Amino acid sequence: MNFVKQPIGVDLSDGVSVPGLDEQPRGARKWPIHYDSVEPLAVVADLATIVLASVLSGLSYHLFQESGTPVDVGKSLGSAILVSALFISLMKIRGMYRPAELLVLRNQIRAICLTWISVFLLLAGTVFALKIGNEISRGTSMLFAMFGLIALIVHRRVLRNLLSTGLAGRRFSGRNIVLITDHSKGDDTSLTQTLTGLGFCVKRNFFIPPPSAETGDRDQVVARVIEYIRGSDVEEVVVGADPNRWSEVRSLVAELRVLPFPVSFIPLGTVSEIFRQPSRELGNAICVELQRGPLTSFEHAAKRCIDVLFAGAALTALLPMLAIVSVAIKLDSPGPVLFRQKRCGFNGRSFQIYKFRTMSVLEDGASIIQAQFADARVTRLGAWLRRTSVDELPQLLNVLEGNMSLVGPRPHALAHDNQFDKMVRNYAFRRRVKPGLTGWAQVNGCRGPTPTAASIERRVEYDLWYIDNWSLRLDLAILLQTPVEILLGRNAY
């Protein structure tokens, strides 16, 4: 929130009315819905959507079969209740019913698809394990899965639009409140506008005196708040202040206990950022997550499964070609088939990378010269291997070993890593994920040597964007774009 200084001369002990902020745009009417009711209403709407989809699926399949038996609505309702209980519970655990989450349609659709499919896979496994498949109509179940998924996605789009309209037009109903703010944080207009936008009617704004003020001044403010609220239509007190002044706020709230209304606290200032971080219980203490890993446990497991499956399948399919290339390297020039070199991987751990040998030298030390255009060290076969990136295929072994992933920032030699770390400020951030066989930088033309600081900065920029925006879909897109980039052959030598 942005704050500006309070005009000089305002009496801090007096309440300030807030004219105009609780006024609605012309032509807009208040909805009989509180902002706090959005989450439970979204849950009820999901339940109704799933029940309706189940009943319609049963009716549709019955009409299609044209059988003389009556429709068993009870089975449809039973299926709907079971599915909705699992679906809503999983969505609730993930926090997908919070109004802020409901506004992000893309995340909602992704969560709905994953959760809906997971629920049906779980139920299918349960049916198979209990051997009760004969009692369940497969046709009805398939229609239910299809209709339900479509209905939930459409419902989320409508709900998002309604929520956006309500917030933009200040149409939510709310309680009458008194706002008490920390004067040391300046003007509270931003906070007041936020509250009025959510339907609250700010009847009066009182200010807590600065820390340098005497205790009597704070007591005077509390007395004025109590005097104003007594006999009025106020329903709640909201205190907005810096958490650093918690001892004063706690004393103030203790004196407000004479009022039969709830008192809420909104943290303001820099320290308030900690309240926006995820937290969990750690014994009797509260643990706040100040920085999350780039991948959750589930995402890491999913990415690892894809790496193993694709790398294993690719090695099996390409085995004849790999054998031919190995023989060709032996016949073309003296030396080993594979080139091994130490590279820097996840969290700075070093590992040996495997490549087909394309040069007459095997450099691996404190000083390594990058390959250049028409480099005399590159063998005749090596030039073709480098141009087509076939020399990188042995790194599928690194993927199976777990040192690398199919997609990620390309690893550099240790000597170059030390050099680039001094040139680019955030270079070390690349090590937050496993290095990859291909990456976002490579499909955007950042291949080959990095002769200038600008070239390595550009590559790091792409790598960091990939880490911050990672998804399985992005990995798939990079894997599909990689063959196109190989055919273009940009900077491949």
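Right, let's walk through the structure included here. This structure is a prediction, so every number in the text was calculated from the model and none was measured. (Residues numbered from 1 in each chain as written. Predicted model: local features only at pLDDT ≥ 70, side-chain atom pairs only at ≥ 80, totals over all residues. Heavy atoms only, no water.)

A tally of regular secondary structure across the chain gives 15 helices and 12 strands. Counting over 493 residues, the chain shows a buried share of 40%. Put simply, 75% of the contacts in the chain that link residues at least 6 apart link residues at least 24 apart. As presented, the chain carries roughly 27,600 Å² of accessible surface, and 60% of it is formed by carbon and sulfur atoms. (Helix = DSSP H or I, 4+ residues; strand = E, 2+ residues; numbered from the N terminus. Buried < 20%, exposed > 50% of the residue type's maximum accessible area, 1.4 Å probe, protein only. Contact = heavy atoms within 4.5 Å. Areas by Shrake-Rupley, 256 points an atom, 1.4 Å probe, with all protein chains shown as cover.)

With seven bridges joining them, strand 9 (residues 338-344) and strand 10 (residues 350-356) adopt antiparallel strand pairing. Paired with Lys342 across the two strands is Gln352, which belongs to strand 10. Where strand 9 hands over to strand 10, the hairpin turn is made up of five residues, of which Asn347 adopts a positive phi near 60°. (Pairing = 2+ DSSP bridges.)

Take a negative patch on the surface next. A surface patch of negative charge is lined by Glu214, Asp217, Asp219 and Glu255. With relative accessibility at 34%, the residue Glu255 sits in the partly exposed group. (Patch = residues over 30% accessible without salt bridge, like charges linked within 9 Å, V, L, I, M, F, W, Y side chains within 5 Å. Salt bridge = Lys/Arg side-chain N within 4 Å of Asp/Glu carboxyl O. Lys, Arg positive; Asp, Glu negative; His and termini not counted. Charge placed at Lys NZ, Arg CZ, Asp CG, Glu CD.)

Turning our attention to the packing of aromatic side chains. Counted by the stated rule, this structure contains 10 aromatic pairs. Here Tyr35 and Phe172 contribute two aromatic rings whose centre-to-centre distance is 5.9 Å and whose plane-to-plane angle is 85°, an arrangement assigned as edge-to-face. You can see Tyr35 sitting in the loop between strand 1 (31-34) and helix 1 (38-65) and its partner Phe172 sitting in strand 2 (residues 172-173), a full 137 residues away along the chain. Judged by relative accessible area, which is 3%, Phe172 ranks as buried. Taken together, the ring pairs connect Phe87, Trp116, Phe120 and Phe144 into an aromatic cluster. (Phe/Tyr/Trp six-rings, centres within 6.5 Å; stacked < 30°, edge-to-face > 60°.)

With that out of the way, let us pick up the pattern of salt bridges. What the rule picks out here adds up to 13 salt bridges. With a closest N to O distance of 3.6 Å, Lys355 and Glu392 form a salt bridge. Of this pair, Lys355 sits in strand 10 while Glu392 sits in the loop between helix 10 (380-388) and helix 11 (395-401); the two residues are 37 residues apart in sequence, bridging distant segments of the chain. Like Lys355, the residue Glu392 is buried in the burial classification. Salt bridges sharing common partners tie together Lys355, Asp391, Glu392 and Arg410.

Moving on to the sheet that holds strand 6 (residues 263-267). A sheet is described by the order of its strands in space; here four strands give the open sequence 4-3-5-6, paired in parallel fashion. Only two strands of the sheet have a single neighbouring strand rather than two, namely strand 4 (201-208) and strand 6. Across the sheet, the axes of successive neighbouring strands diverge by a mean angle of 20°, strand direction being ignored. Pairing of strand 3 (residues 176-182) with strand 4 involves seven bridges; the strand directions are parallel. Bridging from a neighbouring strand, Asn176 pairs with Cys201 of strand 4. (Axes fitted to C-alpha atoms, helices over the stretch in contact; angles between N-to-C directions.)

So, about helix 10. Those residues of helix 10 lying buried are Leu381, Gly382, Leu385 and Arg386. Projected down its long axis, helix 10 shows its buried positions confined to an angular sector of 130°, all on one face. Packing partners of the buried residues in helix 10 comprise helix 9 (297-332) and strand 10. Looking one or two residues beyond helix 10, the residue adopting positive phi is Ser389, at roughly 65°. (Arc of directions from axis to C-beta.)

Each full turn of the α-helix corresponds to 3.6 residues, which orients residues three or four apart in the same direction. The end-to-end C-alpha distance of helix 14 (residues 453-468) is 22 Å, a good match for the 22 Å that 16 residues give at a rise of 1.5 Å each. The set of residues buried in helix 14 consists of Ile456, Arg459, Val460, Asp463, Leu464, Tyr466 and Ile467. With its buried residues spanning 155° around the axis, helix 14 presents them on a single face. Away from its buried face, by an angle of more than 90 degrees, helix 14 presents the exposed residues Ala454, Glu461 and Asp468. (Expected span 1.5 Å × (residues − 1).)

For the rest of this paragraph, the subject is the packing of helix 2 (residues 73-93) against helix 4 (residues 105-130). Put simply, helix 2 and helix 4 touch, their axes get as near as 10 Å, and they point 135° apart. Relative to helix 4, the element helix 2 lies oblique. Considering the relative orientation of helix 2 and helix 4, their crossing is right-handed. Residues Leu82, Val83, Leu86, Phe87, Leu90 and Met91 of helix 2 touch helix 4, and the partners they reach there are Gln108, Ala111, Ile112, Thr115, Trp116, Val119, Phe120, Leu122 and Leu123. (Parallel < 35°, antiparallel > 145°, perpendicular 65-115°, else oblique. Left-handed = near helix turned anticlockwise from the far one by under 90°.)

Moving on to a positive patch on the surface. A grouping of Arg94, Arg106, Arg110 and Arg473 is seen on the molecular surface, where their side chains present a positively charged patch. Position of Arg94 among the secondary structure elements: in the loop between helix 2 and helix 3 (99-102). Residue classification places Arg94 among the partly exposed positions, given a relative accessible area of 45%.

Phi is positive for Asn347, which is not a glycine, with a value near 60°. Structurally, the position occupied by Asn347 is in the loop between strand 9 and strand 10. In this structure, Ser389 takes a positive phi of about 65° despite not being glycine. Assignment of secondary structure puts Ser389 in the loop between helix 10 and helix 11. What makes Ser389 buried here is its relative accessible area of 15%.

By themselves these figures say nothing about function.
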